[in-house]
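Fold and contact review
Listed below are the residues making up each chain.
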Amino acid sequence: MKIGYKKENSAIIFRLFGKIIWLVFISACTGGGGGGTTLTTDEQGADPIVLEVPVAYIKRPLPETPNDLRDPLDFHPGAELFVRSRSAASAEDIDISKKIAAAVAEEEGIASDQLLMDIKDIESSYDGNTLIFAARVVEEPLAANLDATTWNLWTLDLESMQVQYLIPSRIKRNEGIETGGGHDIAPHYLTDDRIVFSSTRQVANQARQLNENRSQIFSPLDEDGDHPAAVLHIYDPQMRDAEFQQISFNLSHDLDPTVLSSGEIVFSRWNNSGTDHISLFRITPAGLSLSPLYGFHSQNTGSENSAIEFSQPRELDDGRLAVLARSYAPESFGGNILLIDADNYAEIDQATRQNEGGNGPGQEPLTTTEIRTDALLSRGGQFGSVYPLRDGSRRLLVTWSDCRVIDSSIENTDSNAAVSPGDYQPCKLQQDNSTAAPPLYGAWIYDPRDDTQLPVVIAQEGFLITEIVAAEPRAYPDIAPQPQAFNGDLALQGKGQLLIDSVYDLDGVDISPMGIARHAQPGTSAYRQRPARFLRVVQPVPIPDREVLEIPRFAFGVSTAFSFREILGYVPVEPDGSVTVNVSADRPFTFSVLNAAGRRIGPSHNYWLQLAPGEVLHCTGCHDDNSGLPHGRPEAQPTSANPGARALNSGATGFPATLPDLFATAQGQTMAEVWNFQRPARNEVASERKLSLSQSYTDQWSAADLTPDESILDRDYDPLWTDIGIERAIIVDNLDPDQPDRIVINYIDHIQPIWERSRLAVTDAEGNDIDRCTGCHSSPDGMTVASGQLDLTSTPSLIEANHYQSYRELLAGDLEQWINNAGTVVDRQRICTTVNAEGDTLTSTSALPLASRMRAGAANASQGFFSCFGGGMCGTEPSPPLPDNCIEDGGTPVPATSNTINHVGMLSPSELRLLSEWLDIGAQYYNNPFDARLSD
């Protein structure tokens, strides 16, 4: 990249090195074009690049470390906001920061010189008359007062130069500060006077907490558990519907919203569930049509395949997006600007269906100059931000720092010598020096037509110019269209619909065992043996800040990876693998596909979905994350692998051997689409596919002359479980009767009673009648080993005293025990000797490990337990033989219990269901963080 215009444009920049003195002599330039606003003028012939529209920029002291994209609420005092009526290096700067401080000082009744300030996220209105931005102002001392302040949104009238809070009410703009709320950042104007912004308010989440009878209202933390999640909201100053509306429901941050010319909002989403990256998503201002847009699988596309995140999206005149690509927390303060063709590509190498066969790539750097995104020196400098001008010239306002290093001769002469700016050298003069000098970010106008740039705000040692925008008039965006599949009836019910073509579709490939079409035909073995039978819908439990509630580690169980989860319900999977289900809107949820036993099959779906009221979310099928193929973006999804309805011999369109009234209205319709149309709409007595808290299934597809598929109707929770008190019920209702009940499973309340519940007695190996699991699986006197080396009692675990012994032995594995020569139960140990190469005898002691019977997060992988009740392998195998180089101190081994007792039928179908769903959602010890027992 060349600094300055070409010689024929009469702009020359001389670089004098040594002391790095920049002398800038730039003559008048002309620009504009495209019929837009003329941005340059030649009235000041000796003035550096002059714009006829105001610009605003932020200057801040150089921080000790670069900011982390995952910490958008971080506070760096000392930021200043300046407005320049003409974008020239010599133009007068108006310090808006002093106006902000004066306004805060007046409201708080304190002196303005006692205030510390941070400012970020500048944006201008479409008419160019107003700036909007985020600021956080803290009274000194910082440590004592930081937590008592929030990030607030401000506006600046560019005619009067008056600043004011966007939200007039002091109470409302700081609402929920004590519990993590009230932080408002990254504002952007919508087509009307409403504003989209990122906020920790989480107004819909908090309203749902009320309905769900949580003990306290709060803003839930992100999935790292560090900060309240900042997600997208709409502020309506006229309060035509609601003053605040939450439109995104990510469990981690949704940042940098900007409005496209289409009226859609594009933003940077931190995906922190199944993966950990930031990519581009889109949504409408109504909260509809949330989907990935670009970069979900394109993170490792930085320098030398380094990881990058996609931040600060901005739409260009040609429809492409400019983004700042950098790592989460880089060693430097900037990154590279990439231009993304999101209309035609979902990934760097994946075209959308409309652009099938496109060669790509979907992204390219702004300049061919070497701008690095890894830890190596970026000899072409680095960018800090980007803002496109709207004059048709394709020029951009950027913040940029040249690459500088510390003079190696200075470093080598005296390691204790202080380094000054005079010791800095451009990277090009010292190619082998790897010690970077502090950055020197200024603001520039970059012209991609000839790869040149001119200064707007001259860089200053010890400071960063972090943002710059132009307050130029520009066209208003269109109003984002409502999706064609919108369902007004569901909208009135506060619900949306999930529609899946087939769970057997993996990135457009039929992966069913016998083929989707065969599984869909009643009366066949393929129909009876279809693997997918239910869909389980799950919601996360919100996690409060530690100052609101300190959740002890043991409450999560053996793993924190699953956090806390609650089951919203089940719905049958149609024979062809398709699904239709109505889900309450405005909440995060995910799902799992289950087999006939009610256990998850296939990988877990680790991404949070959401539905706006009336929205129909249509997916073709499932996705392999490792494939790198796009998923979740409608125009990038592959063609469905489900062949759907077809012409029948009867002359109708539908599915062979099904009831005649379940006919399709078009070829290719899935069974879910046919059911969705024929049953709820045509037959009022038939139940629609809505969530149920029970796993129940009745064959309603087979033709009348066929034997129907076996029903599943025996898994409802048993009302005779009197060992579960009403105050500890599994099914928890909501204060709002229109909101769905949910399943909340705590180990101590709902799983431990299974082992202690009285049931039909069986005879053990000694001829004793045993009527409960703990009758065999315990060591009541400490003189016997529990049967099968499995203690299912509620005594405190020796490993984790806050867990029952049963929980640890089932999920964390154990060591084999035996009776030593003193008659005491101890861990069985072996003492082994080996001789090394030097002839030395080495002695080691080892125990005999026992694998856990269960696996948190995967009931289907817990066959060490479930096979006992299905007629398979049950109990412990004999211990491995004693090696020749090992001895044991002496004791009595416990005989292996493999298949000694028939466990089939010992547990009821409803108990096995409860165990399966508890394991699948993570085998948590508690699933209610506000359980009073956790704070005892």
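Here the structure is shown first, and the text comes after it.
Residues numbered from 1 in each chain as written. Predicted model: local features only at pLDDT ≥ 70, side-chain atom pairs only at ≥ 80, totals over all residues. Heavy atoms only, no water.

**A short note on the overall build of the protein chain**
A count of helices and strands for the protein chain gives 13 helices and 53 strands. Its C-alpha atoms give the protein chain a radius of gyration of 33 Å, within 12% of the compact-globule value 30 Å for 936 residues. Each principal axis of the C-alpha distribution contributes one length, and for the protein chain these read about 105 × 85 × 60 Å. Nonlocal contacts in the protein chain, meaning residues at least 24 apart in sequence, comprise 64% of its contacts between residues at least 6 apart. If you sum the accessible surface of the protein chain, you get close to 39,700 Å²; carbon and sulfur atoms cover 49% of it. (Helix = DSSP H or I, 4+ residues; strand = E, 2+ residues; numbered from the N terminus. Rg over C-alpha atoms; globule rule 2.2 N^0.38 Å. Contact = heavy atoms within 4.5 Å. Areas by Shrake-Rupley, 256 points an atom, 1.4 Å probe, with all protein chains shown as cover.)

**Structural notes on the packing of aromatic side chains**
Considering all chains together, one arrives at 25 aromatic pairs under this definition. Centre to centre, the rings of W400 and W444 are 5.4 Å apart; their planes meet at 85 degrees, and the pair counts as edge-to-face. Taken together, the positions of W400 in strand β26 (residues 396-401) and W444 in strand β29 (residues 441-447) put the pair 44 residues apart, joining distant regions of the chain. The pair W400 / W444 is uniform in exposure class, with both members buried. With a centroid separation of 5.2 Å and 85 degrees between ring planes, the pair formed by F865 and F866 is classed as edge-to-face. Its relative accessible area of 6% is what places F865 among the buried residues. (Phe/Tyr/Trp six-rings, centres within 6.5 Å; stacked < 30°, edge-to-face > 60°. Buried < 20%, exposed > 50% of the residue type's maximum accessible area, 1.4 Å probe, protein only.)

**Considering helix α13 (residues 909-920)**
Think of an α-helix as turning once every 3.6 residues; residues three or four places apart then point the same way. Over its twelve residues, α13 runs 16 Å from end to end, which matches the ideal 16 Å to within 8%, given 1.5 Å per residue. With respect to burial, α13 is a largely interior element, eleven of its twelve residues being buried. What α13 keeps buried is the set S910, E911, L912, R913, L914, L915, S916, E917, W918, L919 and D920. G922 sits one or two residues past α13 and shows a positive phi near 130 degrees. (Expected span 1.5 Å × (residues − 1).)

**Focus: empty space enclosed by the protein**
Per the stated rule, a full pass over the model turns up three cavities of 30 Å³ or more. Lining of the largest cavity is provided by 46 residues; of these, N67, K120, D121, Q312 and E467 occupy positions nearest its centre. Residue assignment for the lining of the largest cavity shows that the elements contributing at least two residues are β7 (115-124), β11 (184-189), β15 (254-259), β19 (309-315), β20 (321-326), β25 (382-388) and β31 (463-470). No other element matches β31, which puts six residues into the lining of the largest cavity. Tallied by class, the residues present in the lining of the largest cavity amount to 22 nonpolar, twelve polar and twelve charged. Of the volumes computed, that of the second largest cavity is approximately 40 Å³. When the residues that make up the lining of the second largest cavity are grouped by side-chain class, the tally is five nonpolar, four polar and one charged. (1 Å grid on protein atoms, 1.4 Å probe; cavity = no way out; pocket = protein on both sides within 12 Å on 5 of 7 lines; lining within 4 Å. Points joined across faces, edges and corners; volume = space filled by probe spheres on them. Nonpolar A, V, L, I, M, F, W, Y, C, P; charged D, E, K, R; others polar.)

**Comments concerning helix α9 (residues 671-678)**
For α9, every residue scored as buried is listed here: M671, A672, V674, W675 and Q678. In an axial view of α9, the angular spread of the buried residues amounts to 160 degrees, which keeps them on one side of the axis. (Arc of directions from axis to C-beta.)

**With respect to the sheet that holds strand β16 (residues 265-271)**
As summarised here, the arrangement of the four strands in space is β15-β16-β17-β18, forming an open sheet in which the pairing is antiparallel. Single-partner strands in this sheet number two, and they are β15 and β18 (291-294). In this sheet, adjacent strand axes meet at a mean angle of 40 degrees when their direction is disregarded. The sheet contact formed by β16 and strand β17 (residues 277-283) spans seven bridges and is antiparallel. Across the sheet, the residue bridging to N271 is H277, located in β17. (Pairing = 2+ DSSP bridges. Axes fitted to C-alpha atoms, helices over the stretch in contact; angles between N-to-C directions.)

**Some points on the sheet that holds strand β50 (residues 841-847)**
Two strands in a sheet stick together by hydrogen bonds in their backbones, pointing the same way (parallel) or opposite ways (antiparallel). The antiparallel open sheet is built from three strands, whose spatial order is β50-β49-β52. Strand pairing shows two members of the sheet lacking a second neighbour, β50 and β52 (886-887), which therefore form its edges. Bridge analysis of strand β49 (residues 829-835) against β50 gives seven bridges, and the strand direction is antiparallel. Its bridge partner being in β50, T833 is matched across the sheet by T843.

**Let's talk about the pattern of salt bridges**
Enumeration over the complete set of coordinates arrives at 45 salt bridges. Close ionic contact of D317 with R390 constitutes a salt bridge, the shortest N to O distance being 3.1 Å. On the criterion of sequence distance, the pair formed by D317 in the loop between β19 and β20 and R390 in the loop between β25 and β26 is long-range, its members being 73 residues apart. Here R390 falls in the partly exposed class, since its relative accessible area comes to 26%. Here the residues in one salt-bridge network are R208, E212, R214, E566, R587 and R742, joined through shared partners. (Salt bridge = Lys/Arg side-chain N within 4 Å of Asp/Glu carboxyl O.)

**A closer look at the state of the cysteines**
As enumerated under the stated definition, the model contains three disulfides in all. What pairs with C403 in a disulfide is C427, and their sulfur atoms sit 1.9 Å apart. On the sign convention where negative means left-handed, the S-S torsion of about -70 degrees between C403 and C427 marks this disulfide as left-handed. Pair noted here: C403 is in the loop between β26 and β27 (404-406) and C427 is in the loop between β28 (424-426) and β29, with a separation of 24 residues, a long-range link. You can call C427 buried: its relative accessible area is 1%. Residue pairing for C868: its cysteine sulfur links by disulfide to C874, the two sulfurs lying 2.2 Å apart. Because the torsion about its S-S bond is 95 degrees, the bridge between C868 and C874 counts as right-handed. (Disulfide = S-S within 2.5 Å.)

**Structural notes on the pairing of β25**
In terms of residue burial, β25 counts as a mostly covered element, since seven of its seven residues are buried. Alignment of β25 against β26, held across six bridges, turns out to be antiparallel. The partner of V386 across the bridge, within β26, is V398.

**A look at unusual backbone geometry**
Between E140 and P141 the backbone carries a cis peptide bond, its omega angle lying at 0 degrees. Tracing the chain through its elements places P141 in the loop between β8 (130-139) and α2 (142-145). Note the cis peptide between G360 and P361, where omega equals 0 degrees. Mapped onto the fold, P361 is located in the loop between β23 (350-351) and β24 (363-365). Even without glycine at this site, E304 takes up a positive phi of about 50 degrees. Mapped onto the elements of the fold, E304 is located in the loop between β18 and β19. A positive phi angle, close to 65 degrees, is found at A657, a residue other than glycine.

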